[in-house]
Amino acid sequence: MQLRSVIEGVGSYLPARIMSNADLARMVDTSDEWIVERTGIRERRIAAEKETTGDLAINAARDALARSGVSADEIDLIIVATTTPDNTFPATAVKVQAALGIEKGSAFDVQAVCSGFVYGLTVADSLLKAGQGSCALVIGAETYSRILDWTDRTTCVLFGDGAAAVVLRAAEGKGTNEDRGILAARLRSDGRYRDKLYVDGGVSSTMTVGHLRMEGREVFKHAVVNIATVMADTIKDAGLEPKDIDWFVPHQANRRILEGTARKLGVTEERVVMTLDKHGNTSAASIPLALDTAVRDGRVKRGDLVLMEAMGGGFTWGAVLVRW
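Every value quoted in this text rests on a predicted model; they were computed, and no experiment measured them.

Colleague: Tell me what's going on with the pairing of strand E7 (residues 161-173), and back it up with residues and numbers.
Modeller: With 11 bridges connecting them, strand E1 (residues 2-13) and E7 associate as antiparallel partners. When the bridges of E7 are listed, Ile7 appears paired with Leu168.

Colleague: I'd like a description of the sheet that holds strand E12 (residues 305-312), backed by residues and values.
Modeller: In space, the 4 strands of this open sheet follow the order E8-E13-E12-E11, with mixed pairing throughout. The sheet terminates laterally at strand E8 (181-189) and strand E11 (247-250), the two strands that pair on one side only. Strand-to-strand twist of the sheet, defined as the mean angle between neighbouring strand axes without regard to direction, takes the value 15°. Note: E11 against E12, 4 bridges, orientation parallel.

Colleague: Explain helix H4 (residues 92-99) to me, using residue names and the numbers behind them.
Modeller: Among all positions in H4, only Thr92, Ala93, Val96 and Gln97 are buried. The buried residues of H4 occupy one face: seen down the axis, they fall within an arc of 150°. Packing partners of the buried residues in H4 comprise helix H3 (53-68), strand E4 (77-81), strand E5 (106-110) and strand E6 (135-143). Just past H4, the residue Gly101 takes up positive phi, approximately 75°.

Colleague: Just give me the short version of the sheet that holds E7, but keep the residues and values in it.
Modeller: Here we have 5 strands laid out as an open sheet, ordered E1-E7-E6-E4-E5, and mixed in their pairing. Where the open sheet ends on each side, the last strands, each with one partner, are E1 and E5. Ignoring strand direction, the axes of neighbouring strands in this sheet form an average angle of 20°. Those strands touched by H4 are E4, E5 and E6, and its axis lies near 145° from that of E5. Each of E1, E4, E5, E6 and E7 is contacted by helix H5 (residues 116-129), which is oriented at about 165° to E6, the strand it contacts most.

Colleague: Just give me the short version of the packing of aromatic side chains, but keep the residues and values in it.
Modeller: The tally for this structure, following the rule as stated, stands at 2 aromatic pairs. Between Tyr144 and Phe159, the aromatic rings sit 5.1 Å apart at their centres with planes inclined by 25°, giving stacked as the arrangement. You can see Tyr144 sitting in the loop between E6 and E7 and its partner Phe159 sitting in the loop between E6 and E7, a full 15 residues away along the chain. Note on accessibility: Tyr144 and Phe159 belong to one class, buried. When the ring of Tyr193 is compared with that of Phe315, the centres are 5.6 Å apart and the planes differ by 15°; the resulting orientation is stacked. One end of the pair, Tyr193, is in the loop between E8 and strand E9 (197-199); the other, Phe315, is in the loop between E12 and strand E13 (316-323), and 122 residues separate them in sequence. Overall, Tyr193 belongs to the partly exposed group, its relative accessible area being 22%.

Colleague: How would you summarise the pattern of salt bridges if you had to cite specific residues and measurements?
Modeller: Per the counting criterion, the structure on display carries 23 salt bridges. A salt bridge links Glu37 to Arg38; the nearest nitrogen and oxygen atoms lie 3.7 Å apart. Owing to a relative accessible area of 54%, Glu37 belongs among the exposed residues under this scheme. Lys129 serves as the salt-bridge partner of Asp125, at 3.3 Å between the closest nitrogen and oxygen. Of this pair, Asp125 and Lys129 both sit in helix H5, 4 residues apart, which is roughly one turn of the helix. On the basis of relative accessibility, which here comes to 7%, the residue Asp125 falls in the buried class. Of the residues examined, Lys129 reaches a relative accessible area of 35% and is grouped as partly exposed. When salt bridges with common partners are traced through the structure, they connect Asp63, Arg67, Asp292 and Arg296 into a single cluster.

Colleague: Tell me what's going on with the packing of helix H6 (residues 216-237) against helix H7 (residues 255-265), and back it up with residues and numbers.
Modeller: Contact geometry for H6 and H7: axes closest at 9 Å, N-to-C directions at 40°. Relative to H7, H6 is oriented oblique. The crossing of H6 and H7 is right-handed. The segment H6 lies against H7, with Phe220, Ala223, Val224, Val225, Ile227, Ala228, Met231, Ala232 and Ile235 engaging Arg256, Ile257, Gly260, Thr261, Lys264 and Leu265. When the residues that make up the contact of H6 with H7 are grouped by side-chain class, the tally is 11 nonpolar, 2 polar and 2 charged.

Colleague: An account of the nonpolar core is needed here, citing residue identities and associated values.
Modeller: Across soluble globular proteins, nonpolar side chains show a tendency to be buried alongside one another. Residues Met231, Leu240, Leu307, Met311 and Leu321 are the most contacted members of the largest nonpolar core, which totals 45 residues. Secondary-structure elements contributing two or more residues to this core are E8, H6, H7, E12 and E13. Not counting the four nearest positions on each side in its chain, Met231 is found in contact with Phe248, Thr261, Leu265, Leu307, Glu309 and Ala319. Among the nonpolar cores identified, the runner-up in size contains 32 residues, and Ile287, Ala290, Val300 and Trp324 belong to it.

Colleague: Describe the state of the cysteines, with residues and values.
Modeller: Linking two cysteines covalently via their sulfur atoms produces the bond known as a disulfide. Scanning the model with the defined rule gives 0 disulfides in all. No disulfide involves Cys114; its sulfur sits 16 Å from that of Cys156, the nearest cysteine. Overall, the relative accessible area of 5% leaves Cys114 in the buried class.

Rules used throughout
- Residues numbered from 1 in each chain as written.
- Predicted model: local features only at pLDDT ≥ 70, side-chain atom pairs only at ≥ 80, totals over all residues.
- Heavy atoms only, no water.
- Pairing = 2+ DSSP bridges.
- Helix = DSSP H or I, 4+ residues; strand = E, 2+ residues; numbered from the N terminus.
- Axes fitted to C-alpha atoms, helices over the stretch in contact; angles between N-to-C directions.
- Buried < 20%, exposed > 50% of the residue type's maximum accessible area, 1.4 Å probe, protein only.
- Arc of directions from axis to C-beta.
- Contact = heavy atoms within 4.5 Å.
- Phe/Tyr/Trp six-rings, centres within 6.5 Å; stacked < 30°, edge-to-face > 60°.
- Salt bridge = Lys/Arg side-chain N within 4 Å of Asp/Glu carboxyl O.
- Parallel < 35°, antiparallel > 145°, perpendicular 65-115°, else oblique.
- Left-handed = near helix turned anticlockwise from the far one by under 90°.
- Nonpolar A, V, L, I, M, F, W, Y, C, P; charged D, E, K, R; others polar.
- Core = buried A, V, L, I, M, F, W, Y, C linked by side-chain atoms within 4.5 Å.
- Disulfide = S-S within 2.5 Å.

Following this line, the structure appears as structure tokens:
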């Protein structure tokens, strides 16, 4: 027998405000055609003035708990993956913990930019297997609208705000790839490329928040190769092949990256879950938002093999393979 981290349910929350490409065209020199052709994005959500990452995370957590049938008092581990925390400290996760009325266990944030949810799932899986809890909430939540340079058309058109969460429960499996739960995961990073995608500010460096900066071509070049490699390795670790994957749920960064990665791995387009046309790039929230969409509309079913992957600033990247 082997302990597995089984996903009991998923939930999400999106801010009410929708910003379309047409709205952006009134702010910067761009157009709907230009954005759609290069990215596949048509609209994104923007948090209200006083709506924080923590608020989004709390709403997503409540939705995930309700849909999983798990009560808040069963949760003894909360991990929030975010690049845009409410405060430098304490962690946004403790705000979620307090809002849910949880007084036991542990809560902390993970910062791996767009790879944050994959990192968070992997950390939670490791802690549950080590006996550091039996039920966990892993949340991806972002308010990227707070760190965008709204005069830079190369970056401000890409990102949006949102949050989504999964409930994990430790359960005994047979130790085969037929088990439900997380079957394999791989995390990677390479700090040599940290200046290709970054925010030009920070507490210790400039004492300011700063704005997101990106060398798009460099990110694209590394993304397709790095992501395809780590996905192939993760599938192999589980003793499976790409053809066995039912659903590919990637980080929603750019349609061209998603298509290039799927093609390199040999995953057909109909097996790729894409939501970036509605959400844009929501960084650590993008994978669980896409997963939530596919579960709600009935695509992802009990027993399906779901492969999740992401690459973000750092560079960080990774993949997680789950049997639903």
